[in-house]
Amino acid sequence: MKALYSQLPAIDSLLRDPALQPLLAQSGTAFITRQLRGMQQEARDHIQQHQSLPHWHASWPDEALRRAQQQQQSALRPVFNLTGTVLHTNLGRAQLSDRAIAAVSACLRQPVTLEYALDDAARGHRDRAVSALLCELTGAEAACIVNNNAAAVLLMLASLAAGRDVIMSRGELVEIGGAFRIPDVMRQAGCRLVEVGTTNRTHMKDYRGAIGEDSGLLMKVHTSNYQIQGFTHAVSEAELVQLGDAHGLPVISDLGSGSLVDMTAYGLPPEPMPQQLIAAGVSLVSFSGDKLLGGPQAGIIVGKKALIDQLQQHPLKRALRVDKMTLAALEATLQLYRQPETLHEALPTLRLLTRSAHDILQQAERLMPALEHAFSADFSLAIAACSSQIGSGSLPVERLPSFAITFTPRDGHGSQLNALAQRWRQLARPVIGRLQEGKLWLDLRCLDDEAALIRTLVP
Ligand SMILES: *Cc1c(COP(=O)(O)O)cnc(C)c1O
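Note that this is a predicted model, so its numbers are computed, not measured.

**Some thoughts on the overall build of the chain**
Check the secondary structure of the chain and you find 20 helices and 18 strands. Across the 459 residues in the chain, those meeting the buried criterion constitute 48%. Sequence-distant contacts in the chain: of pairs separated by 6 or more residues, those separated by 24 or more amount to 73%. By element, 50% of the accessible surface of the chain is carried by carbon and sulfur atoms, the whole surface being about 22,100 Å². Positive and negative charge centroids in the chain, built from 43 and 44 side chains respectively, lie 6 Å apart.

Right under this line is the structure:
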C-alpha cells in the first residue's frame, strides 16, 4: 500500500508538467490546483478501498482536463428537444426570434433608454415602449409588464382587491405546474376567494348572489391545462362585464397563454385572444410572454388605464418588474405581430407549431439512413406517425400530427432502452426524446438543424 501511495504525483510537479500548461493558461492556477487536490484525495481513497491505483492514474493531465471541461460546462445547456412538446416548460418554453435575440444583445452592449424619455430628458416609464405596442395590438388603453403571468395575477389581485372578496367559478380554480394554484395566489395577495357555482356548471345567478359589501373583483381564469366536458355551463366574460358594470366591480381575466393572432387561421386549435376580451369590456387581461406569444418569460397585463395606473404604483410592481433584456426581447417579438403575413416564418414558436406532418416525414426519411447505419445492430428503427403537443398548458386536448423515428431494442429489454436515453442525455448537446410503448421516440417537429443532430448521434 505504501508503495502505491508513493506513486501519486506531487501537485507541484504536476503544475510544472508541460501537458498541463495550456489548461493552466486557460483556466487559472487556483482552479486547476483544486482539481488536482480533489484527484489526489480520490486516488488515496481508491488505494485504501481497493489496494490499487485509479484507472486514470496513467495520465493525470488528461483526467484534469476532462474534469475541468466538465465543471466548466454551463448548467444551461442547449439540447435537441425531440420530446414532441413545442413549448416545453422544463426546456425553456419559447425559442426567440432572431430579431428578439439581436435586440437583447444590442441592449446589453450599450446603455439604453430604459427609464429615460428622450423628448424632455425626464424620467420615463420602463414599460412605456412595450405598452404602446401592446395597446396597438390589443386595443387596450394601457399595459403593465412583470416577471411572469403568475406575477401578473398576484399583482392584479393585490393591487385591486387586497382584504376583499374575489368571486370566481369553482370550475376555474386551476393549478398550473410548478405550484401556481389560484387559491394560494389569492391568499398571498391578501384576497378572500369566494367560490361560486359547481365544478361543471356556473351561472350568472351564482355570481350575482355572491356580490356583497366586501366584493372587490369578479375573476375569470382560462382553464388552459384541462377541459370540463359534458353537462357544463360557464358565464362568458362579456356577460360578467355587464354584471360588474352594474355593481361597479372590475372583471379581470387570467388567460394563461393567450394568442394575439387567430390560431385557426394557421390550422391550429382556437385559443382565446386578449383583444377579444378587451373588446368585450374586461377591465384587465393577463397572459404569458413565453407561451403562444413566442417571446421571453414575462407576464403581460393589458386593460383600463385607471387600473393599470394602480398596478404601476403598487409596491409589488417594483419587486416584480422585468429587466431591459426582457423588455427588448418582448418589444422585438411584438413588432413581428405588426406583419401577420410573415409571422409563421419569423416567429419560431408559430413556425414549429405549423410545420406540416409531410415536411416532418420527409425530414425523418432524410435522417433514417445515417441513424440506421449507426444503431441498427442493437435497435430496430422505424418512422412512425405520432402526435406533438403545444405544451405549457396550452390547448391540452388538441394534438398536432407529426412523425418520429422510433428505436426498439432488439433484445426486448427496457434496460437497453433506458441506457440509450441516458447516454443521449449525457451528450455535449443532449438529445431528449420520449420513452413510450417500449420504444424511444424522437419526434422531429422541433428539429431545426438535421446536420447537427447527425453529428451528435453519429460521431
Ligand atoms: C401558464 C399559466 C399561468 C402561469 O403563467 P407563467 O407565465 O408560467 O407564470 C397562470 N395562469 C394560467 C391560466 C396559465 O395557463
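**Considering helix 4 (residues 29-50)**
For helix 4, with 22 residues, the first-to-last C-alpha span of 31 Å sits near the 32 Å given by 1.5 Å per residue. For helix 4, the full list of buried residues reads F31, I32, T33, Q35, L36, M39, Q40, A43 and I47. On its buried side, helix 4 packs onto helix 1 (2-6), helix 2 (11-16), helix 3 (21-27) and helix 5 (60-72). Downstream of helix 4 by a residue or two, Q51 has a phi angle that is positive, lying close to 55 degrees.

**What about the site of the ligand?**
The full set close to the ligand counts 13 residues, and A150, S224, D254, S288 and K291 are the nearest of them. In this structure, an oxygen atom belonging to the ligand sits 2.6 Å away from a side-chain N or O atom of S224. Contacts to the ligand include D254, whose side-chain N or O atom sits 2.7 Å from a nitrogen atom. When isolated, the ligand has an accessible area of 390 Å², and the protein chains bury 94% of it. Within the residue set of the shell around the ligand, elements represented by two or more residues are helix 8 (149-161) and strand 11 (251-256). Among the residues making up the shell around the ligand, the classes are represented as four nonpolar, six polar and three charged.

**Section: the pattern of salt bridges**
Counted under the stated rule, the structure contains 18 salt bridges. The closest approach of N and O atoms between E175 and R181, which form a salt bridge, is 2.6 Å. Of the residues examined, E175 reaches a relative accessible area of 43% and is grouped as partly exposed. The salt bridge involving D184 is made with R187; its shortest N-O contact spans 3.4 Å.

**Brief notes about the sheet that holds strand 13 (residues 299-303)**
Strand order in the open sheet formed by seven strands is 5-13-12-11-10-6-9, with mixed pairing between adjacent strands. Two strands bound the open sheet, and with one partner strand each, they are strand 5 (142-146) and strand 9 (192-196). When the angles between neighbouring strand axes are averaged without regard to direction, this sheet yields 25 degrees. Of the strands in this sheet, strand 5, strand 12 (284-288) and strand 13 are in contact with helix 7 (residues 128-138), which crosses strand 5 at around 125 degrees. The sheet strands contacting helix 13 (residues 305-313) are strand 5, strand 12 and strand 13, and the helix crosses strand 5 at an angle near 30 degrees.

**A short note on the state of the cysteines**
All chains considered together, the criterion is met by zero disulfides. The thiol of C135 is not disulfide-bonded; the next cysteine sulfur, from C144, is found 11 Å away. For C135, a relative accessible area of 16% corresponds to the buried category.

**Some remarks on the UniProt feature "domain: L-seryl-tRNA selenium transferase N-terminal" (unreviewed entry) in the chain**
The UniProt feature table records "domain: L-seryl-tRNA selenium transferase N-terminal" (unreviewed entry) at residues 5-44. Secondary structure content for residues 5-44 is 78% helix and 0% strand, while the C-alpha to C-alpha distance between its ends is 7 Å.

**Details of the pairing of strand 18 (residues 439-443)**
Counting buried positions over the five residues of strand 18 gives four, a clear majority of the element. As paired strands, strand 15 (residues 400-409) and strand 18 are joined by four bridges and run antiparallel to one another. Considered in strand 18, the bridge of A404 is made with D443. Strand direction decides the pairing type here: strand 17 (residues 434-436) and strand 18, joined by three bridges, are antiparallel. Pairing of L435 across the sheet is with L440, part of strand 18.

**With respect to the UniProt feature "modified residue: N6-(pyridoxal phosphate)lysine" (unreviewed entry) in the chain**
Mapped onto the present numbering, the UniProt feature "modified residue: N6-(pyridoxal phosphate)lysine" (unreviewed entry) falls on K291. Looking at where K291 falls in the secondary structure, it is placed in the loop between strand 12 and strand 13. Once you skip the residues sitting within four places of it in the chain, K291 turns out to touch L87, R93, A94, G256, S257, T349 and S392.

**Considering the environment of G139**
Summarising the element assignment, G139 is placed in the loop between helix 7 and strand 5. When its relative accessible area of 55% is taken as the criterion, G139 is described as exposed. Considered as a pair, G139 and V302 are 163 residues apart in the sequence and their alpha carbons are 9.0 Å apart.

Conventions and cut-offs
Residues numbered from 1 in each chain as written. Predicted model: local features only at pLDDT ≥ 70, side-chain atom pairs only at ≥ 80, totals over all residues. Heavy atoms only, no water. Helix = DSSP H or I, 4+ residues; strand = E, 2+ residues; numbered from the N terminus. Buried < 20%, exposed > 50% of the residue type's maximum accessible area, 1.4 Å probe, protein only. Contact = heavy atoms within 4.5 Å. Areas by Shrake-Rupley, 256 points an atom, 1.4 Å probe, with all protein chains shown as cover. Lys, Arg positive; Asp, Glu negative; His and termini not counted. Charge placed at Lys NZ, Arg CZ, Asp CG, Glu CD. Expected span 1.5 Å × (residues − 1). Near = heavy atom within 4 Å. Polar contact = N/O pair within 3.5 Å; in protein donor to acceptor, adjacent residues only side chain to side chain. Nonpolar A, V, L, I, M, F, W, Y, C, P; charged D, E, K, R; others polar. Salt bridge = Lys/Arg side-chain N within 4 Å of Asp/Glu carboxyl O. Pairing = 2+ DSSP bridges. Axes fitted to C-alpha atoms, helices over the stretch in contact; angles between N-to-C directions. Disulfide = S-S within 2.5 Å. UniProt positions renumbered as here; feature names shortened; annotations may be inferred.

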